[in-house]
Amino acid sequence: MKVLVVFGTRPEAIKMCPLVYKLKEAKGIECVVCLTGQHKEMLRQVMDAFNIKADFNLEIMKDRQTLTSITTTILESMEPLLKEVKPDIVLVHGDTTTSYAAALAAFYQQIPVGHVEAGLRTGNIYSPFPEEMNRLMTDRISTYHFAPTEKNRNNLLAEGIAKNLFVTGNTVIDAFQYTVEDDYQFASKKLRDIDFKSCRVVTVTAHRRENLGEPLRNICRAIKRLANEYPDAAFVYPVHLNPFVRETVFDILSDVSNVHLIDPVDVLDMHNLLARSFIVMTDSGGLQEEAPHFGKPVLVLRTETERPEAVEAGTVKVVGVDENAIYSAAMTLFDDSGAYSAMAQAVNPYGDGKASERIVDALMGVSATHFYGEAYR
Ligand code: UD1
Ligand code: UDP
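What counts and how
Every chain begins its residue count from 1, and numbering advances along the sequence as written. To label them, take the chains in the order written and letter them from A, then take the ligands in the order written and number them from 1. This being a predicted model, a pLDDT of at least 70 is required before a residue's local features are given, and a value of 80 or more before pairs of side-chain atoms are given or counted; all residues contribute to the totals for chains, interfaces and linings. Side-chain numbers here rest on the full set of heavy atoms in the structure, without hydrogens or water. By definition here, a salt bridge exists when the distance from a side-chain nitrogen of Lys or Arg to a carboxyl oxygen of Asp or Glu is within 4 Å. Note on conventions: DSSP H or I runs of at least 4 residues are helices, E runs of at least 2 residues are strands, and numbering of each starts at the N terminus. The buried label applies to any residue whose accessible area, calculated with a 1.4 Å probe on protein chains only, is under 20% of its type's maximum; exposed applies above 50%, and partly exposed to all values in between. One heavy atom suffices: a residue is near a molecule or strand as soon as one of its heavy atoms comes within 4 Å of it. Polar contact is defined as a pair of N or O atoms within 3.5 Å, subject to the rule that within protein one atom must be able to donate a hydrogen and the other to accept it, and that residues adjacent in sequence are counted only when both atoms are side-chain atoms. We treat two strands as partners when DSSP finds at least two bridges between them. Each residue gets one label: Ala, Val, Leu, Ile, Met, Phe, Trp, Tyr, Cys and Pro are nonpolar, Asp, Glu, Lys and Arg are charged, and the others, such as Gly, are polar. Working definition: the arc comes from the directions between the helix axis and the C-beta atoms, pointing outward to the latter. Looking down the strands as they point away from the viewer, one classifies a crossover as right-handed if the path from the first strand across the helix to the second runs clockwise. Axis definition: a line fit to C-alpha positions, over the contact stretch in the case of helices; interaxial angles, taken between N-to-C directions, run 0 to 180 degrees.

(A) Summary view of the pattern of salt bridges. Taken as a whole and assessed by the stated rule, the structure comprises 26 salt bridges. Between Arg 121 and Asp 139 there is a salt bridge; the shortest N-O distance is 2.9 Å. Of this pair, Arg 121 sits in the loop between strand E5 (113-116) and helix H5 (131-141) while Asp 139 sits in helix H5; the two residues are 18 residues apart in sequence, bridging distant segments of the chain. Since its relative accessible area comes to 12%, Arg 121 is described here as buried.

Now the structure itself:
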């Protein structure tokens, strides 16, 4: 069975590289990796960390790219590639425009699609934007659905997607076995200079399209007030390379001495930073899954989440994008050790680190019924 794995952004890469390892080990599977290059430097950081060489890179990234340009360029570039590689199945991940466009390109060639991290939903097509619609459409196109949790599976069933559903856990948990070390030495000098023993470290990230503008300004103002209120704490903010994000963040936070604005760090530094943080404040999807693994409270800087499992478990709180709400939620964690302990339980609802193996097993089962003998399509 020839499996073409397509991804293009940092979070997809972090969650697909562990699966690529397992696909490459599996007997009877030929694994071909295609990057769309929706991200450039931030994607390269992940590929270098996992030491995986892609077979193809469409290199589509443009400065301040639009959703239309990402979609159309991927569609145009994937068509000849799919005709050349002729995969039996295309695997895509999650909710990016890469995932949706690659799934659509495969569908146009009548090649079945497997969706890793299927079934996440907020129920609001504009939040996150455009991710909620990307994953709805990707699930609709896909033949095989690898849902991280039972809840995700139930979301698919509620939409009438009832065949070829596999609950696997999230492959991001698999990634930790390759990234986290007890005596880890940071590659980033800024991170090496922080005294994690004596100082409470708050890890911050924010980049979502729907937060650009006023919501991101609110987030930054709240961080600035917190940094002034807690001068002994260190706020570490690896700033996404999107120029719209950087303009706002540097404008508001660059002169605050205990806010460390750094370039995106590689995934090894990032996972080990999470493991050593006091709390995490973020609008990221992936960080909502990773921080609970380390028992770190997460304040989600968004109005809703497609990842309610950790909210229910108590480690994640959705605080929205209002400056005062963010400020007071963080203050509670700084000042109230009871509230902190209640959130800092090591609860991890996203799997046991074996999601990639389950996906490979499912594909092997599928191959016996669909790909051998009679052609699938
Ligand atoms: C994309 C995904 C989002 C995901 C995020 C992860 C879509 C529509 N959005 O959003 O779901 O959460 O990735 O980070 O699929 N840039 C660089 N170098 C890089 C990466 C980005 O310079 O390595 C800059 C470019 O100017 C680019 C801009 O950032 O145009 C935005 O990148 P884009 O992929 O469009 O959006 P993200 O916000 O990264
Ligand atoms: N991450 C990283 N370096 C950074 C910031 C984040 O490696 O400087 C990792 C983080 O640990 C997580 C993923 O990137 O695995 C999340 O990516 P992002 O927030 O960009 O996207 P999302 O998950 O929101 O789609």
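What follows continues from the structure just given.
(B) Looking closely at the environment of Asp 182. In this fold, Asp 182 is placed in the loop between helix H7 (171-179) and helix H8 (189-192). Taking the C-alpha atoms as reference points, Asp 182 and Asn 272, separated by 90 residues in sequence, lie 8.4 Å from one another.

(C) The site of ligand 2, seen in detail. In the vicinity of ligand 2 there are 17 residues, among which Arg 10, Val 265, Gly 285, Gly 286 and Glu 290 approach most closely. Interatomic distance of 2.9 Å between a side-chain N/O atom of Arg 208 and an oxygen atom of ligand 2. A distance of 2.7 Å is found between a nitrogen atom of ligand 2 and a backbone nitrogen or oxygen belonging to Val 265.

(D) Structural context of the pairing of strand E4 (residues 89-93). Of all 5 residues in E4, 5 are buried, a share of seventy percent or more. Burial along E4 is two-sided: the residues Ile 89, Leu 91 and His 93 and Val 90 and Val 92 are all buried. The pairing of E4 with E5 spans 4 bridges and is parallel. Across the sheet, residue Leu 91 finds its bridge partner in E5, namely Gly 114.

(E) Representation of the site of ligand 1 in the model. Taken together, 25 residues surround ligand 1, and among them His 39, Glu 41, Lys 62, Thr 97 and Glu 131 come closest. In the environment of ligand 1, an oxygen atom lies 2.9 Å from a nitrogen or oxygen atom belonging to the side chain of Gln 38. The contact in question runs from an oxygen atom of ligand 1 to an N or O atom on the backbone of Arg 64, over 3.0 Å. Those elements that provide at least two residues to the shell around ligand 1 are helix H2 (41-50) and helix H3 (67-85). Looking at the shell around ligand 1, its residues break down into 8 nonpolar, 9 polar and 8 charged.

(F) Quick peek at H2. Within H2, burial applies to Met 42, Leu 43, Val 46, Met 47 and Phe 50. For H2, the arc enclosing every buried residue in end-on projection is 135°, short of the 170-degree limit, so these residues lie on one face. Looking at the residues trailing H2, positive phi occurs at Asn 51, about 55°.

(G) Representation of the pairing of strand E1 (residues 2-7) in the model. Counting buried residues in E1 gives 5 out of 6 residues, a clear majority hidden from the surface. Sheet topology note: the E1/strand E2 (residues 30-35) ladder contains 6 bridges and is parallel. Counterpart to Leu 4 in the pairing with E2 is Val 32. What joins E1 to E2 is helix H1 (residues 10-25), and the crossover it makes is right-handed. As paired elements, E1 and E4 share 3 bridges and run parallel to each other. Bridged to Val 3 within E4 is Ile 89.

(H) Quick look at the sheet that holds strand E7 (residues 165-167). With respect to topology, 7 strands assemble into an open sheet ordered E3-E2-E1-E4-E5-E6-E7, the strand pairing being parallel. Here the strands that pair on one side only, and so sit at the sheet edges, are strand E3 (56-57) and E7. Here E2 pairs with E3 via 2 bridges, running parallel. Bridge pairing in E3 places Cys 34 opposite Phe 56.

(I) Main features of H7. Most of H7 is tucked away, with 7 of its 9 residues classed as buried. Every buried residue of H7 is accounted for by Thr 171, Val 172, Ile 173, Asp 174, Ala 175, Phe 176 and Thr 179. Here H7 starts with a cap whose side-chain oxygen sits 2.9 Å from the backbone nitrogen of Val 172, and that cap is Asn 170.

(J) Summary view of the sheet that holds strand E8 (residues 201-205). In space, the 6 strands of this open sheet follow the order E10-E9-E8-E11-E12-E13, with parallel pairing throughout. The strands lining the two open edges of the sheet, one partner per strand, are strand E10 (259-262) and strand E13 (316-318). Pairs of neighbouring strands in the sheet enclose a mean axial angle of 20°, with direction left out of account. The pairing of strand E9 (residues 234-238) with E10 spans 4 bridges and is classified as parallel.

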